[in-house]
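Okay, here's what each chain looks like letter by letter:
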Amino acid sequence: KASVEAMLRLLRTSRSDAAFTRALQRDFDCYMSIGCDDEGTVLFTGYCSLELEARRRPSGAFRHPVYARPDALKTDPLTGTVLGWQIEGQDLVPAPDRAALESGLLRGTELFYFNSPLEAYLVHVNGSARLRLGDGSITYLGYAGKNDHEYTSLGRTLKNKGVVRGPVPIEAIREAYRRRPNDVIAGMRQNKRFIFFRETDADGWPSGSLGFQVEPKRSLATDKTVFPRGGFVFVDTFVNGEPFAQWMLDQDTGGAIRAPGRADLYMGAGNRATALAGEQAEEGRLYYFFLKDPPR
């Protein structure tokens, strides 16, 4: 926290690039992620906020819900770490997996309904969505918690089963669902991780796992069991075939982002952002900046 606050002051008060660089070298230590190979190689993928049709109540094809956070899910109020699942009067136990939660445990906490199980699942993977409702109004879904089970990539599952080949952006998964819906649904069930949501307004949307709004190409998602929450970082990679060297904030948690060799760039909302996120898979370097220890 002190490092982020100091960096903000530095950005606001530096009169030139040279002055910023001098102060950065004087006051901060730089740490490079060891990456996937202990040599600093990080794979940068992308994620986005979807725009989808939804309904507040089940109607016609719109019968596939996402859920609000249940009272039974217990988390550390400071760090957000999942502590477990506790029904009133009972002991704390590990949170149920996807299959158990979808078997009826969440009845009564349905938040919005989608026109296919895949569309509801895609909201889980991306963690947020802009929703177009049947009456012409717009509302927003934001992240509200998770069950903390291991994430299994649907794209990887479908490739292993031979359902899809090559890159697996969202549109490839949707096409696979049109051709072989049962195989895609079976692949979805292999992912034990489950996400809960809250309705929010446009001002705070989309929010990352720290509860703050994420910004296109300025917000990063990493594994928070490895990296500190809210770190100020510099990313050096490629986006859309062009060099991408950018200051960012590590303010989100990636469901599929595990270990120091992976990071997710937030690409924004809408069709263009969805396309960019689906195409993004470039190696690069990830640097964290922290205040130097004061002299003793």
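Structural data are supplied above this passage.
Predicted model, so just to flag it, every value in this text is computed and none were measured.

S.K.: Which residues make up the overall build of the protein chain, and what values go with them?
M.R.: Secondary structure assignment for the protein chain yields 8 helices and 14 strands. Its C-alpha atoms give the protein chain a radius of gyration of 20 Å, near enough to 19 Å, the size a compact globule of 296 residues would have. Judged by the C-alpha coordinates and their principal axes, the protein chain covers about 65 × 50 × 40 Å. Counting only residues that meet the buried cut, the protein chain has 46% of its 296 residues in that class. Taking the contacts inside the protein chain whose residues are at least 6 apart along the sequence as the reference set, 74% of them involve residues at least 24 apart. Both charge centroids of the protein chain, one from 39 positive and one from 37 negative side chains, sit 2 Å from each other.

S.K.: Run through the pairing of strand 8 (residues 138–146), naming residues and quoting values.
M.R.: Across the 9 residues of strand 8, 8 count as buried, placing the element largely inside the fold. In this sheet, strand 8 lies alongside strand 7 (residues 129–132) in antiparallel orientation, the contact comprising 4 bridges. Within strand 8, the position partnered with leucine 131 by the bridge is threonine 139. Hairpin connection between strand 7 and strand 8: a loop of 5 residues separates the two successive antiparallel strands, and glycine 136 in this loop has a positive phi of roughly 90°.

S.K.: So, the pattern of salt bridges: which residues are in play, and what are the values?
M.R.: Taken as a whole and judged by the stated rule, the model has 14 salt bridges. Arginine 174 serves as the salt-bridge partner of glutamate 171, at 2.7 Å between the closest nitrogen and oxygen. Note that glutamate 171 and arginine 174 are positioned in helix 6 (residues 170–179) at a spacing of 3 residues, about one turn of the helix. We classify arginine 174 as buried; its relative accessible area is 16%. Among the charged side chains, a salt-bridge network with shared partners connects Glu51, Glu53, Arg55, Arg130 and Arg132.

S.K.: Let's hear about helix 7 (residues 181–189): which residues, and what values?
M.R.: When we look at burial in helix 7, the residues that qualify are Val184, Ile185, Gly187 and Met188. Buried residues along helix 7 cover an arc of 160° about the axis, so they all sit on one side. Away from its buried face, by an angle of more than 90 degrees, helix 7 presents the exposed residues Asn182 and Arg189.

S.K.: Just give me the short version of the packing of helix 4 (residues 117–126) against helix 6, but keep the residues and values in it.
M.R.: Where helix 4 meets helix 6, the axes come as close as 11 Å, and the angle between the chain directions of the two elements is 155°. Between helix 4 and helix 6, the interaxial angle falls into the category roughly antiparallel. Considering the relative orientation of helix 4 and helix 6, their crossing is right-handed. Counted together, Pro117, Leu118, Glu119, Leu122 and Asn126 of helix 4 and Ile170, Ile173, Arg174 and Tyr177 of helix 6 form the full contact between these two elements. Partitioned by chemical class, the residues of the contact of helix 4 with helix 6 number 6 nonpolar, 1 polar and 2 charged.

S.K.: Kindly report on the pairing of strand 10 (residues 219–222), identifying the contributing residues and their values.
M.R.: On strand 10, burial covers both faces: Ser219 and Ala221 on one face and Leu220 and Thr222 on the other are all buried. As judged from the 4 bridges shared by strand 10 and strand 12 (residues 242–253), these two strands associate in the parallel manner. The residue bridging threonine 222 from the neighbouring strand is threonine 253, located in strand 12. When strand 10 meets strand 13 (residues 262–269), the two strands line up antiparallel, connected through 2 bridges. Considered in strand 13, the bridge of leucine 220 is made with leucine 265.

S.K.: Go over the packing of aromatic side chains with me, naming the residues and quoting the values.
M.R.: Each aromatic ring pair is summarised here by two numbers: the centre-to-centre distance and the angle between the ring planes. Here the structure, examined in full by the defined rule, presents 11 aromatic pairs. Here phenylalanine 232 and tryptophan 247 contribute two aromatic rings whose centre-to-centre distance is 5.2 Å and whose plane-to-plane angle is 35°, an arrangement assigned as tilted. Highlighted residues: phenylalanine 232 in strand 11 (residues 231–239) and tryptophan 247 in strand 12, separated in sequence by 15 residues. This pair shows no difference in class: phenylalanine 232 is buried, exactly as tryptophan 247 is. Connected via pairs of aromatic rings, a cluster forms that spans Phe20, Phe232, Phe234, Trp247 and Phe289. Positioned above the aromatic ring of phenylalanine 62 is the side chain of arginine 55, whose terminal nitrogen or guanidinium carbon lies 4.1 Å from the ring centre.

S.K.: Break down the side chain of serine 153 for me, citing the residues and quoting the values.
M.R.: By secondary structure assignment, the location of serine 153 is in the loop between strand 8 and helix 5 (154–160). Within the structure, the side chain of serine 153 is placed 3.1 Å from the backbone nitrogen of arginine 156, a separation counted as a polar contact.

S.K.: I'd like to hear about a negative patch on the surface, residue by residue, with values.
M.R.: On the surface, Asp37, Asp38, Glu39, Glu282 and Glu283 cluster together into a negatively charged patch. The partly exposed category is assigned to glutamate 282, whose relative accessible area is 31%.

S.K.: Break down the side chain of histidine 124 for me, with residues and values.
M.R.: Note that histidine 124 resides in helix 4. Judged by relative accessible area, which is 8%, histidine 124 ranks as buried. Sequence-distant contacts of histidine 124, that is, excluding residues within four places in its chain, are made with Val66, Arg98, Phe194, Ile195 and Phe197.

The rules behind these values
- Residues numbered from 1 in each chain as written.
- Predicted model: local features only at pLDDT ≥ 70, side-chain atom pairs only at ≥ 80, totals over all residues.
- Heavy atoms only, no water.
- Helix = DSSP H or I, 4+ residues; strand = E, 2+ residues; numbered from the N terminus.
- Rg over C-alpha atoms; globule rule 2.2 N^0.38 Å.
- Buried < 20%, exposed > 50% of the residue type's maximum accessible area, 1.4 Å probe, protein only.
- Contact = heavy atoms within 4.5 Å.
- Lys, Arg positive; Asp, Glu negative; His and termini not counted.
- Charge placed at Lys NZ, Arg CZ, Asp CG, Glu CD.
- Pairing = 2+ DSSP bridges.
- Salt bridge = Lys/Arg side-chain N within 4 Å of Asp/Glu carboxyl O.
- Arc of directions from axis to C-beta.
- Axes fitted to C-alpha atoms, helices over the stretch in contact; angles between N-to-C directions.
- Parallel < 35°, antiparallel > 145°, perpendicular 65-115°, else oblique.
- Left-handed = near helix turned anticlockwise from the far one by under 90°.
- Nonpolar A, V, L, I, M, F, W, Y, C, P; charged D, E, K, R; others polar.
- Phe/Tyr/Trp six-rings, centres within 6.5 Å; stacked < 30°, edge-to-face > 60°.
- Lys NZ or Arg CZ within 6 Å of the ring centre and 35° of its normal.
- Polar contact = N/O pair within 3.5 Å; in protein donor to acceptor, adjacent residues only side chain to side chain.
- Patch = residues over 30% accessible without salt bridge, like charges linked within 9 Å, V, L, I, M, F, W, Y side chains within 5 Å.
- Areas by Shrake-Rupley, 256 points an atom, 1.4 Å probe, with all protein chains shown as cover.

All quantities given are derived from atomic positions and should not be read as evidence of function.
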